[in-house]
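Architecture at a glance
What follows is each chain in one-letter form.
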Amino acid sequence: MLKNKRHNTQSLYFSEQLIAALKQITGYPLTVIEAPMGYGKTTAVKEYIANRNFEVLWQTVYDNVDMHFWGSFCKLFAELDFACSVKLTEIGMPEDSVTRREVVDCIAGIERKNTTILVIDDFHLITKTEFHDFIVYLVKNEIPDFHVVITTRMASFDKLDELKIKGLAQHITQMLLELQPTEIVKYYQKCGVRLKQEEAHILYAYTEGWVSALYLCLLGFLQDGRLEKPANLQELFSKTIFRPLSGELKNFMLHICLFDYFTLPQAQAMWPQNNAPVLLRQLLTQNAFIQFDTRRQVYHLHNIFIGYLRELFAEQAEETKRKIWQAAGEWYASAENYFAAMEAFYQAGDFDQLLVAVELDKGNSINSEYKETIIRYFSECPEKVKQNHPVASLVYARELLIFGETELFILHCRELEQDIAQITDQTMKNWLGGELELVYMFTKYNDIFAMAEHVHRADELLPGRSKLCDHNTPWTLGAPSVLYMFYRKSGELQQEVKSLTATMPLYYKLTAGHGLGVEYIMEAEQYYYTGDLENTEIVSHKAFQMAKAGRQIGSIVGALFLQIQVAFAQGDLAFALKLLEEMRAEIRASRQVLYLHTADLCEAFVFAHLGQPDKIAAWIEAGDFAASRLLAPVLAYFNIIYGRVMLINGQERKLLGVADHFMGIAVFCPNLLSQIYIYIYIAAANKKLFRREAALSALRRGLDIAVSDNVIMPFVENMDLIEPLFAELSSKGIYREETMEIIKLSKSYQQVIAAMNKTIGGEAAKPKLTDREREIALLVVDGLTNREIAAGLSISENTVKTQLKRIFEKLGVHSRALLTKYFE
């Protein structure tokens, strides 16, 4: 091995096969580059896309916290479309079919001048399989001139083989990234070192073509003038990278190694001296294991370097580690990254500052993903520290309630009450007591009378508005019905409506209008379920205007759903569907993506009563409540819709099989509206199976609940399934007056449904497509890729892409998913 007078250890080398594969990135919607750490995956992609006319969106995954990744992922798109970036943030990680469709439609709708390359580096750190499913869905939509590149240590896509077979993905493996002996010679030659062939074979035998090991061996040779095999990679790394650093640089690296990536201000905050910029410049020029991202203005260390440094950090004295963690916590807190600050203060053993971070955050960063972590913080926190931070304890109490940790919540609140009782400042004592009453209010869901008592006590104690009310929590929890939530005792519906009407103005005063309009929604629903459509419409408009003024999307959705139900009952299907579109527009504008699933339920109400299950969202038809983002208390309402869907699909036996489970959910809170519907469905299923006595018994039990409050619309809506049973009950004198009224009202209801079904076939003609455009569109609907369509029609793939662009423009859609929905 000979060393030239000039050497450049920063020189890069890629094999011809790898370069050829990289050139195919724009030929596939997805490219997966898979190899262990240190094989140059990231560098290869960066070099390929450099100086090319691409719009590049580069996302490096630095940890396995999915929320951190998604926030950064959304910010990427601000470079192309700021509104899209904001919308993606509000949608959140796409975990179901509804949000996957929303995200893809949002990305597809961006106007782009050039080919876009989305790079996700270190993809293996993303743990959520739902995001993997999203990438597959994104790729299958084949957005024109949009390509995804993934670098990963392991290819964890279940459907990667399927994507490869369909021509949607290419898979670059470790083999293409390994340097063979002849390539090692060329690599070293570029670096200024002449290598003999037998030396290249020795290096290959030791490194197996691993470029990071080859780089370290190169540095070792340049330092010692000889080629030797070290005991292990750690020894080689220490010898060639870390030991040559000055003592100051070594200490500096230990101060910043806690961060996966960092900015210059971050480094300056961590390092007690004022020469951080100088030290970083030295590091950048001395080795290739630290890099600076000019676009994001961040430094990041190679994973090999981070692992090595953190092992050294773990060996430091406890006081040294504590001080460094403390500095990290202070940095995170100053940057308002409160959850990261909590973890840093926890590692530093500073529970006082940890609880300060909780108070500043007010629970905004805490979600179910961090449940065990936040519980660990408070369980290990000394009692004296908790006593000094009652506001943090209040935030924790609320989170325990959201987590469903009832026993822990009760124990914690007992301690909190004792801590508040010891406060001598009466103003502070009253304020904390009032905030706790608002937390307690939600423990009494869905007893409006008990909830009202807590609201009144909170009003007596609070000197003004609540400072801790979580406006991000949807008041209706995602349910389209308020009456469903609070109708819990037969014969008391009127009193429940009055109690909510009397309580909510006081609650609004304390919470700055959280849930504005819900009392009028419940009043309007009482009119609807008792058959008074005129007053339903009047009061629902009042609720809508209040909700709009207060920007309360839950109330907006509830008011619009009532108007949809009225329009549907009056036979105005076009207006009902228009209101559905308005609902979805309001939800998108609000960024409360949870309610998109609520909109699916409202739409399912319409098509379930039209007997058209094919137009119902797949997650509802499958009974997959877990696929939605709706909160647990909405499950009993979901069953109202799903029960009807099962019956129109001829699944009577299945319904009877799950009926006890459905009823158990409805009885738990209790939700009387759900119970009424379930009894109706049980009656309908038994009737279909010629089990008449069981059918009559179930129907009568439903009437027993409903009649005292004159709740008749559930029976009217489902009369197509149970009409003979009503006639029989009436003939036996059972609720004769009520059954006659229901039968009378149901006749007009069923007539308008029949009329609406007739008009569905006479929709306005769809925009005119050419024969070839229609042929391609239908092949897309059948699930074929651009490549498969091109092969089947004997045309080029570019021709397919061009035709698809025209089809999208004509039909006003911008994704394959919307195209498929258009042809449903």
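Everything below is about the structure shown above.
Keep in mind that this is a model prediction, so the values were computed, not measured.

**What to know about unusual backbone geometry**
For the bond from tyrosine 445 to asparagine 446, the omega torsion is 5 degrees, close enough to zero to count as cis. Positionally, asparagine 446 belongs in the loop between α24 (426–441) and α25 (448–461). Cis geometry marks the peptide bond from cysteine 669 to proline 670; its omega dihedral reads 0 degrees. Along the chain, proline 670 falls in the loop between α35 (652–668) and α36 (672–688). Although it is not a glycine, lysine 362 sits at a positive phi angle of roughly 60 degrees. Mapped onto the elements of the fold, lysine 362 is located in the loop between α19 (351–361) and α20 (371–380). Lysine 362 gets classed as partly exposed once you look at its relative accessible area, which sits at 38%.

**What about helix α18 (residues 338–348)?**
In terms of residue burial, α18 counts as a mostly covered element, since nine of its eleven residues are buried. Buried residues along α18 sit against α17 (318–334), α19 and α20. Immediately downstream of α18, the backbone of glycine 349 shows phi near 75 degrees, a positive value.

**Brief notes about the state of the cysteines**
Applying the stated rule across the entire model yields zero disulfides. Considering cysteine sulfurs only, cysteine 413 is the nearest to cysteine 469, which forms no disulfide, with 17 Å between them.

**Digging into the nonpolar core**
Counting residues in each nonpolar core, the largest one holds 288 residues, and the members touching the most others are Phe77, Ile120, Phe131, Tyr188, Phe252, Ile620 and Ile722. Ranked by residues supplied to this core, first place goes to α36 with twelve residues. In this structure, isoleucine 620 is in contact with Asp600, Leu601, Ala604, Phe638, Ile641, Tyr642 and Val645, ignoring residues within four places of it in sequence. Counting 15 residues, the second-largest nonpolar core is a separate cluster that includes Ile776, Ala777, Ala790 and Val813.

**Focus: the side chain of threonine 536**
Among the structural elements, threonine 536 can be located in helix α29 (residues 533–550). Judged by relative accessible area, threonine 536 falls into the buried class, the value being 0%. From its side chain, threonine 536 meets the backbone nitrogen of tyrosine 528 in a polar contact 2.9 Å long. When neighbours within four sequence positions are excluded, threonine 536 is seen to be in contact with Ala524, Tyr527, Tyr528, Leu562 and Val566.

**Observations regarding the pairing of strand β4 (residues 116–121)**
Counting buried positions over the six residues of β4 gives six, a clear majority of the element. Neither face of β4 is open: one carries Thr116, Leu118 and Ile120, the other Ile117, Val119 and Asp121, and all of them are buried. As paired strands, strand β3 (residues 55–60) and β4 are joined by six bridges and run parallel to one another. The residue of β4 that forms the bridge with threonine 60 is aspartate 121. Sheet analysis places β4 next to strand β5 (residues 146–152), joined by five bridges and oriented parallel. Each residue of the ladder has a partner; that of valine 119, found in β5, is valine 149. This β-α-β element, β4 to helix α6 (residues 129–140) to β5, shows right-handed connectivity.

**Describing the packing of aromatic side chains**
This structure, assessed with the given rule, holds 34 aromatic pairs. When the ring of tyrosine 445 is compared with that of phenylalanine 486, the centres are 6.1 Å apart and the planes differ by 65 degrees; the resulting orientation is edge-to-face. Here the residue tyrosine 445 occupies a position in the loop between α24 and α25, and phenylalanine 486 occupies one in helix α26 (residues 482–486), the gap between them amounting to 41 residues. When the ring of tyrosine 642 is compared with that of phenylalanine 662, the centres are 6.2 Å apart and the planes differ by 55 degrees; the resulting orientation is tilted. Of this pair, tyrosine 642 sits in helix α34 (residues 635–648) while phenylalanine 662 is found in helix α35, placing the two residues 20 residues apart along the sequence. The pair formed by tyrosine 642 and phenylalanine 662 is uniform in burial state, with each residue classed as buried. Across from the ring centre of tryptophan 58, 5.4 Å away, lies the NZ or CZ of lysine 46, which sits over that ring. The positively charged end of lysine 467 is found above the aromatic ring belonging to tryptophan 431, 5.0 Å away from the centroid.

**Some remarks on the sheet that holds β5**
Taken in spatial order, the five strands make up an open sheet running β3-β4-β5-β2-β6, and their pairing is parallel. Taken across any chain shown, the strands that pair with only one partner, and hence form the sheet edges, are β3 and β6 (169–172). Put simply, the sheet's adjacent strands are angled 15 degrees from each other on average, direction ignored.

**Regarding the packing of helix α13 (residues 247–256) against helix α15 (residues 276–286)**
Relative placement of two packed helices is described by the angle separating their axes and the distance separating the axes. Put simply, α13 and α15 touch, their axes get as near as 11 Å, and they point 100 degrees apart. On the basis of the axis angle, α13 is roughly perpendicular to α15. Contact with α13, carried on its side by Glu248, Leu249, Phe252 and Met253, involves Ala276, Leu279, Leu280, Gln282, Leu283 and Gln286 of α15 and no other residues of that element. Of the residues assigned to the contact of α13 with α15, the class counts are seven nonpolar, two polar and one charged.

Conventions used here
- Residues numbered from 1 in each chain as written.
- Predicted model: local features only at pLDDT ≥ 70, side-chain atom pairs only at ≥ 80, totals over all residues.
- Heavy atoms only, no water.
- Helix = DSSP H or I, 4+ residues; strand = E, 2+ residues; numbered from the N terminus.
- Buried < 20%, exposed > 50% of the residue type's maximum accessible area, 1.4 Å probe, protein only.
- Contact = heavy atoms within 4.5 Å.
- Disulfide = S-S within 2.5 Å.
- Core = buried A, V, L, I, M, F, W, Y, C linked by side-chain atoms within 4.5 Å.
- Polar contact = N/O pair within 3.5 Å; in protein donor to acceptor, adjacent residues only side chain to side chain.
- Pairing = 2+ DSSP bridges.
- Right-handed = clockwise from strand over helix to strand, strands pointing away.
- Phe/Tyr/Trp six-rings, centres within 6.5 Å; stacked < 30°, edge-to-face > 60°.
- Lys NZ or Arg CZ within 6 Å of the ring centre and 35° of its normal.
- Axes fitted to C-alpha atoms, helices over the stretch in contact; angles between N-to-C directions.
- Parallel < 35°, antiparallel > 145°, perpendicular 65-115°, else oblique.
- Nonpolar A, V, L, I, M, F, W, Y, C, P; charged D, E, K, R; others polar.

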